[in-house]
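What follows is the residue order along each chain.
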Amino acid sequence: MQKAIFITGASTGLGRATAKLFQSKGWKVIATMRDPSKETELNHLSNVTLVKLDVTHQGQIEEAVNKAISEGPIDVVFNNAGYGLIGPLEAISDEQITKEINTNLLGVIRVTKAFIPHFKARKSGVFISTTSLGGLIAFPFGSLYHATKWGIEGWTESMSFELGFFNIAIKTVAPGGIQTDFATRSLDPVTHPDYNAPWEEMQKLFNPAHWSTPGQIADVVYEAATDGKKQLLYVAGADANASYQRRLEIGKEAFRIEMGQNIFSNFEA
Ligand SMILES: NC(=O)c1ccc[n+]([C@@H]2O[C@H](COP(=O)([O-])OP(=O)(O)OC[C@H]3O[C@@H](n4cnc5c(N)ncnc54)[C@H](OP(=O)(O)O)[C@@H]3O)[C@@H](O)[C@H]2O)c1
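Quick caveat, the model's predicted, so the values are computed rather than measured. (Residues numbered from 1 in each chain as written. Predicted model: local features only at pLDDT ≥ 70, side-chain atom pairs only at ≥ 80, totals over all residues. Heavy atoms only, no water.)

This part is about the site of the ligand. In the neighbourhood of the ligand, 27 residues make up the surrounding shell, with Ser11, Arg34, Tyr145, Thr180 and Ser186 lying closest. Contacts to the ligand include Asp54, whose side-chain N or O atom sits 2.9 Å from a nitrogen atom. Thr180 is positioned such that a nitrogen or oxygen atom in its side chain is 2.7 Å from an oxygen atom of the ligand. Burial of the ligand by the protein chains amounts to 93% of its free accessible area of 890 Å². Secondary-structure elements contributing two or more residues to the shell around the ligand are helix H1 (13–24), helix H4 (143–164) and helix H5 (182–185). Residues that form the shell around the ligand fall into these classes: 8 nonpolar, 15 polar and 4 charged. (Near = heavy atom within 4 Å. Polar contact = N/O pair within 3.5 Å; in protein donor to acceptor, adjacent residues only side chain to side chain. Areas by Shrake-Rupley, 256 points an atom, 1.4 Å probe, with all protein chains shown as cover. Helix = DSSP H or I, 4+ residues; strand = E, 2+ residues; numbered from the N terminus. Nonpolar A, V, L, I, M, F, W, Y, C, P; charged D, E, K, R; others polar.)

Structural data, given as structure tokens:
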């Protein structure tokens, strides 16, 4: 029987690449996005249904999930929608904090919750969320983004126990850099003059030449969706694997010091 995947944030980047990959492998794809009227490619592919979904709107979540389920069983839910809020905390408004958490963390939790009865009734299903290398290690000035991505990692581990009783898997795919438009369209950088010097130094961290393509990360999503394992974490991309291995190797404290020394000229351990 044809399998089906429900994807959030399918309008661009990783979500779009994943929609195309699963469609090419014969899956039915429910590609959700905030504004389906702008879509010009996925709407021309067979077995792809576009559904409007802003993951910060509970009403839209319920509508989108009900619509998807009414059209047939869903096998995989891919929680991918997200964006990066970065900058020193004292410069970030409460509205910005709330929006980041509503999107990256509560969006994932609410979409997952809405699908649990469906998966439970079927005694199968896989939840996959896009976290980040930033859900496993922490960069300077990324506190809010890390709070959401680390949050999903911990939440996923806990959820695996209760979902496991019903043969439902829950996993994260943690990519390093992806060559998407994330940095230009999905980054909300906030600056503060008191932090300008370290902020400038931190910019050298970003080198897109070492990043993965969206297609490479979509392949990992496909593996997580189809390998039949209850494995929690899929670190995705050479950069993410190298950094995460380094952290495991030397531990949290030494890793933090190494990061600080690598980035900042006047870092004190
Ligand atoms: N790019 C990277 O280097 C990188 C690295 C690690 C992890 N990630 C994670 O990968 C995921 C996908 O990012 P990407 O790199 O593919 O960037 P992207 O191309 O900018 O995609 C972000 C997607 O999230 C959607 N989105 C944002 N807020 C939303 C909301 N409230 N409701 C529904 N959809 C929303 C965007 O939709 P609109 O088109 O409506 O804006 C877009 O489809 C994110 O969770 C991101 O944190 C990215």
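Per the counting criterion, the structure on display carries 9 aromatic pairs. Note on Phe22 and Trp27: the rings are 4.8 Å apart at their centroids and 85 degrees apart in plane angle, and the pair reads as edge-to-face. Exposure remark for Phe22: the relative accessible area of 0% places this residue in the buried category. An angle of 70 degrees between the planes, with centres 6.3 Å apart, marks the rings of Trp27 and Tyr222 as edge-to-face. A residue pair is termed long-range when its members are at least 10 positions apart, and Trp27 in the loop between H1 and strand S2 (28–33) and Tyr222 in helix H7 (residues 214–226) qualify at 195 residues. (Phe/Tyr/Trp six-rings, centres within 6.5 Å; stacked < 30°, edge-to-face > 60°. Buried < 20%, exposed > 50% of the residue type's maximum accessible area, 1.4 Å probe, protein only.)

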